[in-house]
Amino acid sequence: MKYAHTTDDKKQTIKEHLSGVAEKASENSNALMKSLAYTAGMAHDIGKYADDFQKRLENIPIKYEHSTCGAIEIGALAKDAVQKNMTYMLQYCIAGHHTGLPDGGTPVDFAEADTTLQARLKRRKNYFGTADYSSYKKEIELKLPDYTGVLAELQNSNDKSDFIEKYAFFTRYLFSCLTDADFLDTERFCNPDIDRNLRCDSKKMEQAIDDKFKGFTADTPLKKARNILQKQAIINSDSNKQISILNMPTGSGKTLCSMKIAINKMIKHQKKRIIYVIPYTSIIEQTAEVFENIFGEYADIVQHHSNYCYDTENDSTAEKLKRSTENWDAPIIITTSVQFFQSLYHYKGSGLRKLHNMADAVIVFDEIHMIPLECLQPCLRGIGYITKYLNSEAVFLSATMPDYSDYLEKYMSGVSYSHLISDKSAFSHFKKCRYTYIGKTELESIAGKAKEYKHMTFYEAAQLAKEANVKEMWLTHYSPSLNHPEEFMDEVCAIFPNSIAAKDKRSVELVFEE
């Protein structure tokens, strides 16, 4: 009998583990990838059939790489070019299920010198004698999965770039299904008493937020405008569009409104969870506190960000919440944009375990306009794949919503979307400032404006520093019209050489003479 895991008082056979992981990986997966997930689960640990690995279970320090074995064996089943190219998806996941998805490498990579997938697949010759794992064939029958559905989706790509991105997404998703299944099956064997169940009564959550809205009285023009916008958004969100765009001004109650919409969608469309994504840690705690106050009695809310630590809490619920940060199997999750997109594009199992639980979810992206321009393409493409292939819905939330129409068409082809606010006439009640572009200005006009508004110019400050005979002058508190203050420094330094255009976080220690 060969074993996958042992403790002081019990042993788990390899067949039990492979079967358990295969079933769980298949359960984790959507219908499109279910066959691939099951096959990956059955193949991932066949290397443990080697005598060398069994000795490791007896605490004999033998170096043995078991994760490559399944990748080698499943690759041997591929007979033509199509099968081989599709099977690479499985090989990436199986070979990397402990150390993370490997680089693909090239056919000229050396088996022992390189760590790429191509190099590791050349190590079959290493598995002989006590390293031979072929006895798996007595208990496990490996066969290639049905690639038909996945292949059809890949062939339906817009271009080569779309094909590659889609293939990479399917690989990471499959990896997530496998690694989380592997972890949970091992956890159940080693610690069968661990409780991962978290509370969520979505109906009571719906009632709680409805009661919150009923407590607001629309007795001023501003409050009436807020009520009009919220009702419009909630009514328009009652659709099957995969992405809802919620453009509401600051102060119009868009955070609570977005949560109301998310709960409605969760109930009506039978989603498993709500993931609330916020770009700033500075406001994430405030939002979490609001949600805890409204829903804490009816749902366990996971906060997954650097400002929150579960180690300071000693109750069983805190332990469950902490475990849920590993794979996001909770009903309500509040996290950062960085955490979310790392969980979508990482290569390590610790990051990607969460990806498969982004399926069947309502995902709210607060302050969506804060996605950096250079990251916009992968972020929108990733959200598109989650909504298109994982049966999730997204809500884009912002008070300054960019026009994403062209980008949605380009990077989210086939994904439906709608604007929840079509009548913006109530926006005027929330205007608290006005921006006017005054065009390109000359130094003389800047000086004139400064004099008009009683502001000092850089040159006046430099002249004062010169006359006061100071050692150093820092220029601070710039006018908003000065986007690039450094452009003026040559002329400033001509008046007073030791001048500095100060920036955030610049500091100096002042030493005063006795």
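Residues numbered from 1 in each chain as written. Predicted model: local features only at pLDDT ≥ 70, side-chain atom pairs only at ≥ 80, totals over all residues. Heavy atoms only, no water.

## Topic: the overall build of the protein
- The secondary structure content of the protein amounts to 20 helices and eleven strands.
- Looking at the protein as a whole, 47% of its 514 residues qualify as buried.
- Taking the contacts inside the protein whose residues are at least 6 apart along the sequence as the reference set, 74% of them involve residues at least 24 apart.
- Accessible area for the protein stands at about 27300 Å²; split by element, carbon and sulfur atoms hold 51% of it. (Helix = DSSP H or I, 4+ residues; strand = E, 2+ residues; numbered from the N terminus. Buried < 20%, exposed > 50% of the residue type's maximum accessible area, 1.4 Å probe, protein only. Contact = heavy atoms within 4.5 Å. Areas by Shrake-Rupley, 256 points an atom, 1.4 Å probe, with all protein chains shown as cover.)

## With respect to the environment of H98
- Within the secondary structure, H98 sits in the loop between helix 5 (81-95) and helix 6 (117-120).
- Setting aside residues no more than four positions away along its own chain, H98 makes contact with H66 and D182.
- For H98, the side chain forms a polar contact with the side chain of H66, separated by 3.3 Å.
- Separated by 3.3 Å, the side chains of H98 and H97 make a polar contact. (Polar contact = N/O pair within 3.5 Å; in protein donor to acceptor, adjacent residues only side chain to side chain.)

## Topic: the nonpolar core
- Counting residues in hydrophobic clusters, the biggest one holds 86 residues, and the most contacted among them are M89, Y133, F169, I275, F340, F365 and F396.
- Sorting elements by how many residues they give to this core places helix 8 (residues 160-190) first, with nine residues.
- Excluding anything up to four places from it in sequence, F396 contacts I243, S244, I245, L246, F365, I368, L380, I383, M401, Y404, L408 and M412.
- Counting residues in hydrophobic clusters, the runner-up holds 37 residues, among them L229, A233, M259 and V395. (Core = buried A, V, L, I, M, F, W, Y, C linked by side-chain atoms within 4.5 Å.)

## Considering the pattern of salt bridges
- One pass over the full model with this rule turns up 22 salt bridges.
- Note that R381 and D162 form a salt bridge whose closest N and O atoms lie 3.4 Å from each other. Here D162 lies in helix 8 and R381 lies in helix 16 (residues 376-389), a separation of 219 residues in the sequence.
- Taking the relative accessible area as the measure of exposure, R381 reaches 7% and is therefore buried.
- Judged by relative accessible area, D162 falls into the buried class, the value being 9%.
- Here R196 and D329 are joined by a salt bridge, their closest N and O atoms 3.3 Å apart. Residue R196 is located in the loop between helix 8 and helix 9 (202-214), and its partner D329 is located in the loop between helix 13 (316-327) and strand 6 (332-336); the two are separated by 133 residues in the primary sequence.
- According to the relative accessible area criterion, R196 is buried, its value standing at 15%. (Salt bridge = Lys/Arg side-chain N within 4 Å of Asp/Glu carboxyl O.)

## Topic: a nonpolar patch on the surface
- On the surface, a cluster of nonpolar side chains totalling about 370 Å² of accessible area is made up of V508, L510 and F512.
- Looking at the secondary structure, you find V508 in the segment after strand 11 (499-501).
- On the basis of relative accessible area, V508 is assigned to the partly exposed category, the value being 49%. (Patch = residues over 30% accessible without salt bridge, like charges linked within 9 Å, V, L, I, M, F, W, Y side chains within 5 Å.)

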